[in-house]
Amino acid sequence: MNKTLNKKILITGANSGIGKATVLGLARQGAEIIMVCRNSAKAESARENIIKQTNNQNIDILIADLAEQQQVRALAQQIIDRYDTLDVLIHNAGIFNTKRQETIDGVESQLALHLLAPMLLSYLLLDKLITSAPARIINITSMLHIFGRINLNDLQQQQKYNGLKAYGSSKLANIMFTRYLAKHLQDTGVTVNCLHPGVINTNLGGTPELLKPLLSSPEKGAKTPIYLATSPEVETTTGEYFVNCKVKKPSRACHDWGLIDALMQRSEQLIHEPLAPQLKKVV
Ligand SMILES: NC(=O)c1ccc[n+]([C@@H]2O[C@H](COP(=O)([O-])OP(=O)(O)OC[C@H]3O[C@@H](n4cnc5c(N)ncnc54)[C@H](OP(=O)(O)O)[C@@H]3O)[C@@H](O)[C@H]2O)c1
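Residues numbered from 1 in each chain as written. Predicted model: local features only at pLDDT ≥ 70, side-chain atom pairs only at ≥ 80, totals over all residues.

## A closer look at the site of the ligand
Here comes step 1: Taken together, 28 residues are adjacent to the ligand, and Gly13, Gly17, Gly94, Thr202 and Leu204 come closest.
Here comes step 2: When residues of the shell around the ligand are assigned to their parent elements, the largest contribution, three residues, is made by helix H1 (residues 17–28).
Here comes step 3: Residues belonging to the shell around the ligand are distributed by class as follows: 12 nonpolar, 13 polar and three charged. (Near = placed C-beta within 6 Å. Helix = DSSP H or I, 4+ residues; strand = E, 2+ residues; numbered from the N terminus. Nonpolar A, V, L, I, M, F, W, Y, C, P; charged D, E, K, R; others polar.)

Here it is in structure tokens:
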């Protein structure tokens, strides 16, 4: 294999759907990849399959259940110890819960996986990313954020749970996190962007089997994450929401800085990890 892309890229939820297709595309370009998965058998099988298709042997696996904060912390420590640099961090792992579930930390699961895990892992890896700069953080959000609402009095969707609203709210929170971190990382050489991948045929819950053949392929879903991870066009772009490799305006709430700051303050309490004070920018 001809190595062209000289980047070390970590991606969560890498064994299936959009995550696996993203690994495949990046491996084809010669990237060094760290696949973060929660199930080692599924991870090994995806890795073997990708190596067979690309002949790129530079694919590591790290195992962590990202819904558990202790496991996110252990994962971050492993990454810090094992790798000298990290160029791209892609937060892709996701779920869709029709019934309300809580993690071992007592947090509503979609909020835990789509907001708190990306926040905690990013915060713990910021030193590594800043010393590796130029570096990129990429969050996979969803156009369904338009159905979400950030209610600071019911952040964990305890009153009248609705799966779509809870999913949308966690993805809205993910966009707010993107904008917040981008603002505070300005001048560090680390960019933070997010994207909607399209409506894609994957293992994600919530789509009736009947409709699945009508959806786009995971390879199509991987286009924007691969673009954001590799394109020189977006080297300095930060704090943006992308659809089909183009900047789009997310819903109005994503521009409410009072709400963003309040959400992030509350979330930092939930992860027991503040943003490093030297990065805090007063704007
Ligand atoms: N499909 C769509 O149309 C669509 C649209 C908009 C946004 N998205 C977003 O795209 C991302 C990828 O989803 P997908 O559609 O590719 O679905 P998918 O095929 O179900 O992939 C989700 C991945 O996340 C992993 N994961 C789930 N919970 C985890 C946990 N607690 N810890 C670690 N890994 C965990 C899964 O691992 P297992 O295989 O072990 O379960 C799997 O690898 C998600 O963030 C999703 O919300 C998807």
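Text resumes after the structure shown.
## Observations concerning the nonpolar core
Here comes step 1: In this structure, Ile33 and Met35 are the most contacted members of the largest nonpolar core, which totals 71 residues.
Here comes step 2: The leading source of residues in this core is helix H4 (residues 109–132), at 12 residues.
Here comes step 3: If near-sequence neighbours (up to four positions away) are discounted, Met35 is found in contact with Ile11, Ala14, Asn15, Val23, Ala43, Ala46, Arg47, Ile59, Asp60 and Ile61. (Core = buried A, V, L, I, M, F, W, Y, C linked by C-beta atoms within 7 Å. Buried ≥ 20, exposed ≤ 12 C-beta atoms within 10 Å, placed from the backbone. Contact = placed C-beta atoms within 7 Å.)

## Details of helix H2 (residues 40–54)
Here comes step 1: Over its 15 residues, H2 runs 21 Å from end to end, which matches the ideal 21 Å to within 8%, given 1.5 Å per residue.
Here comes step 2: Buried within H2 are the following residues: Ala43, Ala46, Arg47, Ile50 and Thr54. Looking straight down H2, one finds its buried side chains confined to an arc of 100°; they lie on one side. Projecting away from the buried face of H2 at angles above 90 degrees are the exposed residues Ala41, Ser45, Glu48 and Lys52.
Here comes step 3: Two residues or fewer after H2 comes Asn55, characterised by a positive phi angle close to 65°. (Expected span 1.5 Å × (residues − 1). Arc of directions from axis to C-beta.)

## With respect to the environment of Cys245
Here comes step 1: Looking at where Cys245 falls in the secondary structure, it is placed in the loop between strand E7 (241–243) and strand E8 (246–248).
Here comes step 2: Overall, the presence of 15 C-beta atoms within 10 Å leaves Cys245 in the partly exposed class.
Here comes step 3: In the structure, Cys245 is positioned 64 residues away from Leu181 in sequence and 21 Å away in space, judged by C-alpha atoms.
Here comes step 4: Leaving out residues up to four positions away in the same chain, Cys245 has contacts with Lys223, Thr224 and Tyr227.

## Observations regarding the sheet that holds strand E3 (residues 59–63)
Here comes step 1: Read from one edge of the open sheet, eight strands run E3-E2-E1-E4-E5-E6-E7-E8, paired in mixed fashion. The two strands at the open ends of the sheet, each matched to only one other strand, are E3 and E8. This sheet shows a mean twist of 25° between the axes of neighbouring strands, independent of strand direction.
Here comes step 2: Across five bridges, strand E1 (residues 8–12) lies against strand E2 (residues 32–37) in parallel orientation. Among the inter-strand pairings, Ile9 is bridged to a residue of E2, identified as Ile33.
Here comes step 3: Sitting on the sheet, H2 touches E2 and E3, and the angle it makes with E3 is about 170°. (Pairing = 2+ DSSP bridges. Axes fitted to C-alpha atoms, helices over the stretch in contact; angles between N-to-C directions.)

## So, the confidence of the model for the protein
Here comes step 1: Averaged over all residues, the pLDDT of the protein is 96; the fraction at 70 or higher stands at 98%.
Here comes step 2: Looking at the elements of the protein, mean pLDDT is at its lowest for helix H5 (residues 163–184), recorded as 97, and at its highest for strand E4 (residues 88–91), recorded as 99. (pLDDT = per-residue confidence, 0-100.)

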